[in-house]
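# Topology and contacts: notes
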Amino acid sequence: MALVCNSFFMAGILLLFHITKRRISPLAGYASLPIWWLTFEYIHLNWPLSWPWLTLGFGFSNYVSLLQWYTVTGPLGGTLWILLCNISIFNIIKRKWLNKDRPISFIFTGSVVVLIVLPITLSIWIHSYYRSSTSLKRVEVVVVQPNIDPYNEKFSGDFQDQLNKMLALADTKIDSNTAYLLFPETALTDPDIWENNLQTNPSIQLIGDYLRKHPNLRLITGAGTAREYQKGDVIPESARKYTDADSYYDDYNTALQLDSSKKIQIYHKSKLVPGVEYTPSLLSKLAVHLGGTSGTLGTQKEPSVFYSAYSKTTIAPVICYESIYGAYLGEYVRKGAQLIFIITNDGWWQDTPGYRQHLCYGAMLASETRREIVQCANTGYSAIINEKGDILQRTNWWEPAVIKAALYPSNDLTFYALHGDYLGFYSCILCALLVAFLIIARIRSHFRPK
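Presented here is an overview of the structure given in this document. For clarity, every value in this text was computed on a predicted model and none was experimentally measured. (Residues numbered from 1 in each chain as written. Predicted model: local features only at pLDDT ≥ 70, side-chain atom pairs only at ≥ 80, totals over all residues. Heavy atoms only, no water.)

## Remarks on the packing of aromatic side chains
Our working definition: A pair of Phe, Tyr and Trp rings is counted when the ring centres sit within 6.5 Å of each other, with Trp represented by its six-membered ring. The angle between the planes then sorts it: under 30 degrees is stacked, over 60 is edge-to-face, the rest tilted. The helix count covers DSSP runs of H or I at least four residues long, the strand count covers runs of E at least two residues long, and both are numbered beginning at the N terminus. Think of it in three bands: with a 1.4 Å probe and only protein chains considered, a residue is buried below 20% of the maximum accessible area for its type, exposed above 50%, and partly exposed in between. Note on criteria: charge over ring means Lys NZ or Arg CZ within 6 Å of the ring centre, with the direction from the centre no more than 35 degrees off the ring normal.
Going through the model one piece at a time under the given rule, you end up with 27 aromatic pairs. Seen in terms of ring centroids, Phe 60 and Trp 81 are 5.6 Å apart; in terms of plane orientation they differ by 50 degrees. Their pairing is tilted. Separated by 21 residues along the polypeptide, Phe 60 in the loop between helix 2 (26-46) and helix 3 (70-73) and Trp 81 in helix 4 (residues 75-98) bring together distant segments of the chain. The class for Phe 60 is partly exposed, based on a relative accessible area of 28%. Given the relative accessible area of 12%, Trp 81 is considered buried. Judged by centre distance (4.5 Å) and plane angle (15 degrees), the rings of Tyr 355 and Trp 397 are stacked. Placement of the pair is Tyr 355 in helix 9 (residues 353-369) and Trp 397 in the loop between strand 11 (391-394) and strand 12 (401-407), with a sequence separation of 42 residues. We note that Tyr 355, like Trp 397, is buried. A connected cluster of aromatic rings, assembled from ring pairs, spans Trp 51, Trp 53, Phe 58, Tyr 321, Tyr 325, Trp 349 and Tyr 361. It is Lys 271 that lies over the ring of Tyr 325; its NZ or CZ is 4.8 Å from the centre.

Here's what the structure looks like:
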């Protein structure tokens, strides 16, 4: 459904380009195409039914050495580059086709070559010579990939056995130097993880017993949690009403940070997958059920970071789909996140390009923000990625695995992390002016004498 809808969206953008080209001029038409397209991608990054997986600028995510300039522009800069290159090449071919006896301008052709080659050359140079300015102490992380089938086992099996399996895998790598242990998205699948009283939950108690044996360890894990609203609380749209009582609760896709103290830090996923985690109320009956909680989940207004009582390291907890929103991740960085931990399931993809693409997008995010990234998947690819986007370690598909690495926290701030998708924002302004110009042109043509 997402691919079909995006096909219509993109066809609509090309229709607007055609209208502009016909009603104003060919030059105005070609100039308008990047404006229309960037506006579409920007809106698609920010509206509730967001599905930006097909953003053009993601197309080179397999080749992060060519994308180092995304630290300035983000992926929308890649979209702009692709459009300008293709428009330029098309016009060279068109001119040659229509004027076979007329040579193509050397200056025009040379400009197109520079447009294509310069960003690539600059990016390769940056990738070769970039060194992080961090002088912070390295942080040792252990990542557990439990490989539990999300369709047939994860949400219907014994949740205590699943947790014990993850803890047993962790024991194969953890030592006294390990600062963080990372479990994947919805690693805790208990049906009653209520945030109103987390400490009484059996899984939380089991983790607490484990952490008391490792007093310097912090565990970050995914969980499906819920919160019951009390009298006087503001009830959000996402809240669900009990069938047998006049009270409300919310379900969340959550990241938890636990340590040997009794304090539990909570982050709620806020960029939700349309049709699975977010469904407009008018379409609630069409919600996709993939195990666990379905329908519209609760969110929090803005991202928050995890702090440590034992060190100054600050972590960005990113849940699955959120990792493709570079500007959103920039908010974590501006709040002091020094490392990015992505927890995901990725077993939903089965053995398709989806989980491979997801890892590539994570690598692209690392280079955009200059943060080292740990990706922890239930199954799929768990990985260690450095601040240039190089994948240093990676697990295999459909295998239980544990990886261990020492990461460098960073306080560097890239232009993109500071300013987000500014190219899309300014394109929206230009698009509004373009629409106004088209309307005026249409009115003038209507009243022009025949």
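## Here we look at the state of the cysteines
Put simply, the rule is: Throughout, a disulfide means two cysteine sulfur atoms within 2.5 Å of one another.
Applying the stated criterion to the full structure yields zero disulfides. No disulfide involves Cys 5; its sulfur sits 20 Å from that of Cys 320, the nearest cysteine. Since its relative accessible area comes to 31%, Cys 5 is described here as partly exposed. Cys 320 provides the cysteine sulfur closest to Cys 376, a residue in no disulfide bond, and the two sulfurs are 12 Å apart.

## Observations regarding the side chain of Thr 254
For the record, the criterion: By definition, residues are in contact when any of their heavy atoms lie within 4.5 Å.
With respect to the element layout, Thr 254 can be found in strand 5 (residues 248-258). Ignoring anything within four residues of it in the chain, the contact list for Thr 254 reads Glu 195, Thr 221, Gly 222, Ala 223, Thr 225, Ile 266, Tyr 267, His 268 and Ile 319.

## Description of the sheet that holds strand 10 (residues 383-385)
Threshold: DSSP calls a pair of strands paired once it identifies at least 2 bridges connecting them. Every axis in this analysis is a line fitted to C-alpha atoms, fitted for helices over the stretch in contact. Angles between the N-to-C directions lie between 0 and 180 degrees.
Strand order in this open sheet of five strands is 7-8-9-10-11, and the pairing throughout is mixed. Sheet topology places strand 7 (315-319) and strand 11 at the edges, where each strand pairs with a single neighbour. Mean inter-strand twist for the sheet, computed between neighbouring axes without regard to direction, equals 15 degrees. Pairing geometry for strand 8 (residues 339-344) and strand 9 (residues 373-377), over five bridges, is parallel. Bridge pairing links Phe 341 to Val 374 in strand 9.

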